[in-house]
Amino acid sequence: MQFQILNRQPFDVDQYPANLVFTELPIAPDLNERPAWKDTVKTFPGEVTRIIAKFDLPTGTKVNPGEKFRYVWHCHILEHEDNDMMRPYNVVAG
């Protein structure tokens, strides 16, 4: 699956994970990151990186707006898998 980077936004790391409090307005992606389809993205500590992606489902799959699908990040760093750093996430149909 490929995606495009929408923006990045700094947050207060001292309040996280109890609260996600943004400390600045969203920042546009770097010029070399847009508009382009990516399969990797650089992320920075203390920032949320927002992406938009299209998930292809098998032909004929019926999808209702708002329906959720569960996915897990794929990563080749074993330390991430061993330390529960690959978290599932929900994709919501538009």
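As a reminder, the structure under discussion sits directly above these lines.
What comes next is a walk through the structure. A quick note: this is a predicted structure, and the numbers were derived from the prediction, not measured. (Residues numbered from 1 in each chain as written. Predicted model: local features only at pLDDT ≥ 70, side-chain atom pairs only at ≥ 80, totals over all residues. Heavy atoms only, no water.)

## Regarding the overall build of the protein chain
Of the regular secondary structure elements, the protein chain holds one helix and four strands. Along the protein chain, helices (α) and strands (β) appear in the sequence β-β-β-α-β when read from the amino end. In terms of overall dimensions, the protein chain is more spread out than a globule: its C-alpha atoms have a radius of gyration of 15 Å, far above the 12 Å expected for 94 residues. Dimensions of the protein chain, computed from the C-alpha atoms along their principal axes, are close to 45 × 35 × 25 Å. (Helix = DSSP H or I, 4+ residues; strand = E, 2+ residues; numbered from the N terminus. Rg over C-alpha atoms; globule rule 2.2 N^0.38 Å.)

## Observations concerning the pairing of strand 3 (residues 68-72)
Within strand 3, only zero of the five residues are buried, which leaves the element largely exposed. Pairing geometry for strand 3 and strand 4 (residues 88-92), over five bridges, is antiparallel. Pairing of Tyr71 across the sheet is with Tyr89, part of strand 4. (Buried < 20%, exposed > 50% of the residue type's maximum accessible area, 1.4 Å probe, protein only. Pairing = 2+ DSSP bridges.)

## Observations concerning the layout of surface pockets
The computed volume of the second largest pocket comes to approximately 160 Å³. Together, Ala53, Lys54, Phe55, Leu57, Val63, Phe69, Tyr71, Val91, Val92, Ala93 and Gly94 line the second largest pocket. Across the lining of the second largest pocket, the residue classes tally to nine nonpolar, one polar and one charged. (1 Å grid on protein atoms, 1.4 Å probe; cavity = no way out; pocket = protein on both sides within 12 Å on 5 of 7 lines; lining within 4 Å. Points joined across faces, edges and corners; volume = space filled by probe spheres on them. Nonpolar A, V, L, I, M, F, W, Y, C, P; charged D, E, K, R; others polar.)

## Re the side chain of Glu33
With respect to the secondary-structure elements, Glu33 resides in the loop between strand 1 (3-10) and strand 2 (47-53). Judged by its relative accessible area of 6%, Glu33 is buried. If we skip the residues at most four places from it in the chain, Glu33 touches Ile5, Arg8, Lys38 and Lys42. (Contact = heavy atoms within 4.5 Å.)

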